[in-house]
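Observations on the three-dimensional arrangement
As a plain string of letters, each chain reads:
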Amino acid sequence: MRVILRRTESLGGLPVATDEEVELDRIKIGRGTDQDVQLADMRVTLAHAEIRHQGTGWRIECRSENPVWINGRQVAEGPLEVGDAMNFGRFRVHVRPPPPGTDLLIEIEEHLSARQVEAARKARMRVTLEDGGLRKRFWAWSAVIAVLLGLLVLPAVLRYGAGGEAGASLDRVWQAGPPSDSHSGFIHKCDSCHQTPFAAVRNDACLACHKQQAHHSDHPEILAQGEMIDGRCGSCHLEHTGRNALIARRTELCTDCHADPADRFPTAELAAVSSFDDDHPNFTLSLPAWENGEKRHAEVAQEPGPVQEVSNLKFPHAAHMNREGVSSPDGKRVLECADCHRPMGTTFAPIRMEEHCQSCHQLDFDPDVARRRLPHRLPEEVAAIILDHYARVALTGGVAEPEAPEAVRLLRRPGQALRADEREVAMSWAQARAAQTMEDVFSRRVCVVCHEVKRTEDAAKPWDVGKVALTASFLTGARFDHTAHRTEDCSRCHDAEKSKASTDVLVPPLANCRECHGDPGTRGRMATACVDCHGFHIAKDTFFGAAAESK
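To start, this report covers the structure provided alongside it. (Residues numbered from 1 in each chain as written. Predicted model: local features only at pLDDT ≥ 70, side-chain atom pairs only at ≥ 80, totals over all residues. Heavy atoms only, no water.)

1. Notes on the overall build of the protein
A count of helices and strands for the protein gives 15 helices and 22 strands. For the protein, the C-alpha radius of gyration of 47 Å lies well beyond 24 Å, the compact-globule estimate for 551 residues. Projected onto the principal axes, the alpha-carbon positions of the protein cover approximately 160 × 75 × 55 Å. Pairs at least 24 residues apart make up 44% of the contacts formed inside the protein by residues separated by at least 6 positions. For the protein, the accessible area works out to roughly 35,600 Å², and carbon and sulfur atoms hold 54% of it. Averaged over its 67 positive side-chain charges, the protein has a centre that lies 5 Å from the centre of its 80 negative ones. (Helix = DSSP H or I, 4+ residues; strand = E, 2+ residues; numbered from the N terminus. Rg over C-alpha atoms; globule rule 2.2 N^0.38 Å. Contact = heavy atoms within 4.5 Å. Areas by Shrake-Rupley, 256 points an atom, 1.4 Å probe, with all protein chains shown as cover. Lys, Arg positive; Asp, Glu negative; His and termini not counted. Charge placed at Lys NZ, Arg CZ, Asp CG, Glu CD.)

In structure tokens, the structure reads:
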């Protein structure tokens, strides 16, 4: 028999029908993929029913335990006539008058969408308080009263009545979150900070412990800003948000003012910064400067550069970082950065000659007495030490130098005294040899290797060794923790192996930092907030809660 299967669906709110003409001796209806009319609904079985030709009409028979609803009646089998409507889950199947040349027209439509069916199922499953004979308002007020009695009245009675510490222990139910490690010691003394119930913590409560807390700036134009006058400590320091979350990290707390400082405080002459990625000034470096032999610090912009560090120390990194090693009394030695540079927070432990240099740079001055060495950092004593050494050698005798006077070359017995003329000759030789050695020590072989040395006209101090100023931290107004970056190789940021001049500044440019760090929310890089590198309480002479005063 020739059958037309017409599927009707809604497109854009309008019904659209698609006809399929097939030759079938029976029409199988179900959820299975082998059915002639496949209905995707879990309430329809895989093989639900069949329509067969019987005599002059049609008959439907169920093939599962689930019945069929025809015109609102539940049947297991029965005749079908034109105009009948059958329900299968969310689908409705109509028997329509067949067009000429066909035996049967079956129209399938989805009268409910899957979303509507799911919503109806949830609505049937929803149970309210009223369904159980209970009213919302009664239970709501009951809950409010229970909370007030259990969490407000009872703690207050126990705390200020006979309960004592038992009442104090109930205070934890009011805590907004875990305290910070810094304030965990008095977490149960709420009134230490919350001096007024149900009011924000006042600055006075903070300053009761944090006395002489430095302000943000000493500049009067910045201090005159409303945020500086009326700002609360709690705006940046957020308590009850976690053990290590006391300091707010939101970049906007800084960029709200620093994005356009020229507009808000023009005389402060601050560089604008609104973003680490796109709008952050290059580094300003703190470098030693010399005035009449005394050191002071000068702030120098790193770019366009180049910048130089005049430390008065001769130390070419390339010579010391030679991968083949450097000569030492114990043979070749390969030096690493950590041999001299030891991170200590945001700075480095001091570099000391005796600890870091003397194993190679031994301050000996007489090849015949290698164990006798000169003191470091005491150039004014060197002349006396050298003269005393050679005077002792001359008076003792036994000098193995052919050109030395006989009085000096002659080895004397212990206690044997020199004649007056021999003593004069010996001391003359000692003074000449001491002067020669001092010339060698200061200007040729020892001091001059690492220091800036000048000859003076002062007989008491004929040599002047320039003071050394090693920079522990080059950044001004910022901090950099090398310990936090210990997983990185030093050469990634500092090109020390190619630095041949002592004046080279090996601080990488800001672009180097942006390779790993970016604004919060940046993908592929470490989220870095302003407070990771910059402090807020940086004023030197102005304190919170007090007028400007000198330290």
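2. Some details on the side chain of Thr471
With respect to the helices and strands, Thr471 occurs in the loop between β20 (463–465) and α15 (510–514). With sequence-adjacent residues up to four places away left out, Thr471 is seen in contact with Ser286, Pro288 and Glu309.

3. Side note on the pattern of salt bridges
Following the criterion strictly, the structure yields 32 salt bridges and no others. Across the salt bridge formed by Glu227 and Arg264, the nearest N and O atoms sit 2.8 Å from each other. With Glu227 in helix α6 (residues 226–230) and Arg264 in helix α8 (residues 261–264), this pair connects stretches of sequence that are 37 residues apart. Asp464 is the partner of Lys461 in a salt bridge, and the nearest nitrogen-oxygen pair spans 3.9 Å. Classification of Lys461 as partly exposed rests on a relative accessible area of 34%. Judged by its relative accessible area of 31%, Asp464 is partly exposed. Several salt bridges converge on common partners, so that one network encompasses Arg26, Glu50, Arg52, Glu61 and Arg63. (Salt bridge = Lys/Arg side-chain N within 4 Å of Asp/Glu carboxyl O. Buried < 20%, exposed > 50% of the residue type's maximum accessible area, 1.4 Å probe, protein only.)

4. Thoughts on a nonpolar patch on the surface
Residues Trp141, Val144, Ile145, Leu148, Leu149, Leu152, Val153 and Val157 make up a contiguous nonpolar surface patch of roughly 740 Å² in combined accessible area. Looking at where Leu152 falls in the secondary structure, it is placed in helix α2 (residues 136–160). (Patch = residues over 30% accessible without salt bridge, like charges linked within 9 Å, V, L, I, M, F, W, Y side chains within 5 Å.)

5. Remarks on the side chain of Glu107
By the secondary structure assignment, Glu107 is in strand β12 (residues 104–110). A polar contact is formed between the side chain of Glu107 and the side chain of Arg96, at a distance of 2.9 Å. Among all residues touching Glu107, those that are not within four sequence positions of it are Arg6, Thr8, Arg92, Val93, His94 and Arg96. (Polar contact = N/O pair within 3.5 Å; in protein donor to acceptor, adjacent residues only side chain to side chain.)

6. Let's talk about the sheet that holds strand β8 (residues 73–75)
The sheet built from 7 strands is open, its strands ordered β2-β1-β12-β11-β10-β7-β8 with mixed pairing. The open sheet is flanked by β2 (14–23) and β8, the only strands paired with a single partner. The mean angle between the axes of side-by-side strands here comes to 25 degrees, regardless of whether they run parallel or antiparallel. By the bridge criterion, 4 bridges tie strand β10 (residues 85–88) to strand β11 (residues 91–96) in an arrangement that is antiparallel. Bridge pairing in β11 places Phe88 opposite Phe91. (Pairing = 2+ DSSP bridges. Axes fitted to C-alpha atoms, helices over the stretch in contact; angles between N-to-C directions.)

7. Structural notes on the pairing of strand β5 (residues 49–54)
Here 4 bridges tie strand β3 (residues 26–30) to β5, and the two strands are oriented antiparallel to one another. Across the sheet, the residue bridging to Ile29 is Ala49, located in β5. Here β5 folds back onto strand β6 (residues 57–62), and the loop between the two strands holds 2 residues, one of which, Gly55, carries a positive phi near 60 degrees.

8. Overview of the packing of aromatic side chains
Tallied over the entire structure, the rule returns 3 aromatic pairs. Taking 6.2 Å as the distance between ring centres and 80 degrees as the angle between the ring planes, the aromatic pair formed by Tyr390 and Trp429 counts as edge-to-face. Within this pair, whereas Tyr390 is found in helix α11 (residues 379–396), its partner Trp429 is found in helix α13 (residues 420–445), the two being separated by 39 residues in sequence. Judged by relative accessible area, Trp429 falls into the buried class, the value being 12%. Measuring from centroid to centroid gives 5.5 Å for Phe442 and Trp463, while their planes differ by 5 degrees, and the two rings are stacked. (Phe/Tyr/Trp six-rings, centres within 6.5 Å; stacked < 30°, edge-to-face > 60°.)

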